[in-house]
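Commentary on secondary and tertiary structure
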Amino acid sequence: MQIYCGEKFPQTRQRRLRLNQSIRDLSSENFLIPPNLILPIFIIEGVNETETILNLPDVHRYSLDLAVKRVQEAKQIGIKAVMLFCVCDQKNKNPHGREAINPDNLMCRAIKTIKNAVSDILIIADVALDPYTSHGHDGIIDENSIVKNDETIEILCQQSLIQAKAGCDIISPSDMMDGRVSHIRQTLDSHGFQNVLIMSYSAKYASNLYGPFRQAVGSDKNLSKADKKNYQMDYRNSNESLREIAIDIQEGADQIIIKPATFYLDIIKLASQNFVIPIYAYHVSGEFAGLKFLAKNTQINFEELYYENLIAIKRAGASGIISYGAIEILKYLNF
Ligand code: PBG
C-alpha cells in the first residue's frame, strides 16, 4: 500500500478532492446502499396494533398485518432482508422456553404470512430462547442460573427447524452457545434445508447496550438484574473474537454478526482483515436510542449523526448493518 510518495504542495492539493459534492462522491471510499441494511422488526399479536417502545424512540412493535406493510415498505426502498423478533405473552413463558418450539407460535406465523404476502425479501429468523423463558436467559439454566449449553442446543435445533419449515431464508442464532452452529447445520441438512443460510452471531458481547431491545421483546422484567456474562463475550477481549469467528466458520456459518457495532469497530476491522466471509454489524438498540437522545438534546441533526455512525461501521469493514432506522436513513439519502 502506498502511504507516502513524496507529494509536494503546490502540485498536490488534497482539497481539490473535496471541492464539491460530485467530486467528493466520485472519490468516496465508502457508500451506504439499500442492500447494506437489514431491518429488524418487532412483532406482536393482534390486528392493526402499533406500540411505541419506551426507550427506543421512533421504533415500534407491530401486529402482523402492519408488520407486513413495514416489510413492503422496506422492499420498496431496496432493502433485501428483514430480521424478525416476536413478543411472547408472559403466560406462555416457562423455564424451558417451550413456546420457542411451538410450530404455531407467532414467529412461525409471521414467517409464513410475510412470505405469502411479500415476494423477494429475505426473512432472517432469530434463534435463542430469551423471548420465551420465564427467567429471560437465552437458554435453559441450572440451579446457579448458568445456561446449560448442550441441553439448550437441542432446543435451538428444534427452534431452527420449525422456523425453516415455516419458510425463513436465514437462521440467525444469537444465543452464544458453543457448538450450536454445527448442530443447527446438521439438523437443517438432515431435513432437506441445505439452502437455508446460517447467519451466526459469532462475536456477541455482554454489552450494556441491549436494554431497549429487552424492553421491546419484554424479556427485561424476566431477566431482572441478571446478566448474560456466562455466555456472551467479555468486552475486555478482542483476540477471543477471532477464535469465536473461526469456530463458527468451521462449523458451517455462511455469514457472521458482530454485536454491538460502534464500541466494537476494532473487532469489525479485525474480523474483516482476517476472514473472507460476509460480516454484519448489529447496530443495537442502545446505540440507536443513544443517537436519538443525543440528537434531541443537543439539536444535532439526527440523520447526519446516524449516517456518520453507519458509515463508520462500513469503513471498519462491515459488509452490512442491522439497524432500526434502515428505512429512515435510506429515505434521507433519497433512495
Ligand atoms: C437475544 C438478543 C438480544 C439482542 C438481539 N437478540 C439481547 C440480548 O442478548 O439480551 C439485542 C439487540 C439490540 O439491543 O438491539 N438473543
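So, here's what we can say about the structure. Everything quoted here is computed from the prediction, not taken from an experiment. (Residues numbered from 1 in each chain as written. Predicted model: local features only at pLDDT ≥ 70, side-chain atom pairs only at ≥ 80, totals over all residues. Heavy atoms only, no water.)

With that settled, consider the site of the ligand. The full set close to the ligand counts 16 residues, and Arg214, Lys228, Lys259, Ser285 and Tyr324 are the nearest of them. Side-chain polar atom of Ser174 to a nitrogen atom of the ligand: 2.7 Å apart, as the coordinates give it. At 2.6 Å from an oxygen atom of the ligand is found a side-chain nitrogen or oxygen belonging to Arg214. In the complex, the protein chains occlude 100% of the 400 Å² of accessible area that the ligand would expose alone. In the shell around the ligand, the residues fall into 7 nonpolar, 3 polar and 6 charged. (Near = heavy atom within 4 Å. Polar contact = N/O pair within 3.5 Å; in protein donor to acceptor, adjacent residues only side chain to side chain. Areas by Shrake-Rupley, 256 points an atom, 1.4 Å probe, with all protein chains shown as cover. Nonpolar A, V, L, I, M, F, W, Y, C, P; charged D, E, K, R; others polar.)

What follows covers the side chain of Lys314. With respect to the helices and strands, Lys314 occurs in helix α11 (residues 302-315). Buried charge without a partner: Lys314 forms no salt bridge, and the closest opposite charge is Glu29, 12 Å away. Looking at Lys314, its side chain comes within polar contact range of the side chain of Asn36, at 3.1 Å. Apart from the residues lying within four places of it in its own chain, the contact partners of Lys314 are Asn30, Phe31, Leu32, Asn36, Ser319 and Ile321. (Helix = DSSP H or I, 4+ residues; strand = E, 2+ residues; numbered from the N terminus. Buried < 20%, exposed > 50% of the residue type's maximum accessible area, 1.4 Å probe, protein only. Lys, Arg positive; Asp, Glu negative; His and termini not counted. Salt bridge = Lys/Arg side-chain N within 4 Å of Asp/Glu carboxyl O. Contact = heavy atoms within 4.5 Å.)

Within this structure, the stated rule accounts for 11 aromatic pairs. Pairing Phe42 with Phe85 gives two aromatic rings, centres 6.0 Å apart and planes at 35 degrees, and the pair type is tilted. Of this pair, Phe42 sits in strand β1 (residues 37-44) while Phe85 sits in strand β4 (residues 81-86); the two residues are 43 residues apart in sequence, bridging distant segments of the chain. Phe85 sits in the buried class, given a relative accessible area of 5%. Measuring from centroid to centroid gives 5.7 Å for Phe42 and Tyr324, while their planes differ by 15 degrees, and the two rings are stacked. (Phe/Tyr/Trp six-rings, centres within 6.5 Å; stacked < 30°, edge-to-face > 60°.)

Glancing now at the packing of helix α3 (residues 106-117) against helix α4 (residues 149-166). Direction vectors running N to C along α3 and α4 enclose 25 degrees, while the axes themselves pass 8 Å from each other. In this view, α3 runs roughly parallel relative to α4, as classed from their interaxial angle. When you trace α3 past α4, the crossing you get is right-handed. For the pair formed by α3 and α4, the contact residues are Met107, Cys108, Ile111 and Lys112 on the first element and Ile162, Gln163 and Ala166 on the second. Across the contact of α3 with α4, the residue classes tally to 5 nonpolar, 1 polar and 1 charged. (Axes fitted to C-alpha atoms, helices over the stretch in contact; angles between N-to-C directions. Parallel < 35°, antiparallel > 145°, perpendicular 65-115°, else oblique. Left-handed = near helix turned anticlockwise from the far one by under 90°.)

A contiguous patch of positive charge on the surface is contributed by Arg13, Arg15, Arg16 and Arg18. Secondary-structure assignment places Arg15 in the segment before α1 (21-26). (Patch = residues over 30% accessible without salt bridge, like charges linked within 9 Å, V, L, I, M, F, W, Y side chains within 5 Å. Charge placed at Lys NZ, Arg CZ, Asp CG, Glu CD.)

Following the sequence through the fold, Thr133 ends up in the loop between β5 (122-127) and α4. For Thr133, a relative accessible area of 0% puts it in the buried group. In this structure the side chain of Thr133 is engaged in a polar contact, spanning 3.2 Å, whose partner is the backbone nitrogen of Gly136. When sequence neighbours within four positions are dropped, the list of residues in contact with Thr133 reads Lys93, Asn94, Pro95, His96, Gly97, Gly139 and Asn222.

Spanning 12 residues, α3 covers 16 Å between terminal C-alpha atoms, matching the ideal 16 Å at 1.5 Å per step. Among the residues of α3, those classed as buried are Leu106, Met107, Cys108, Ala110, Ile111 and Ile114. Where α3 is buried, its residues meet β1, α2 (64-76), β4, β5 and α4. (Expected span 1.5 Å × (residues − 1).)

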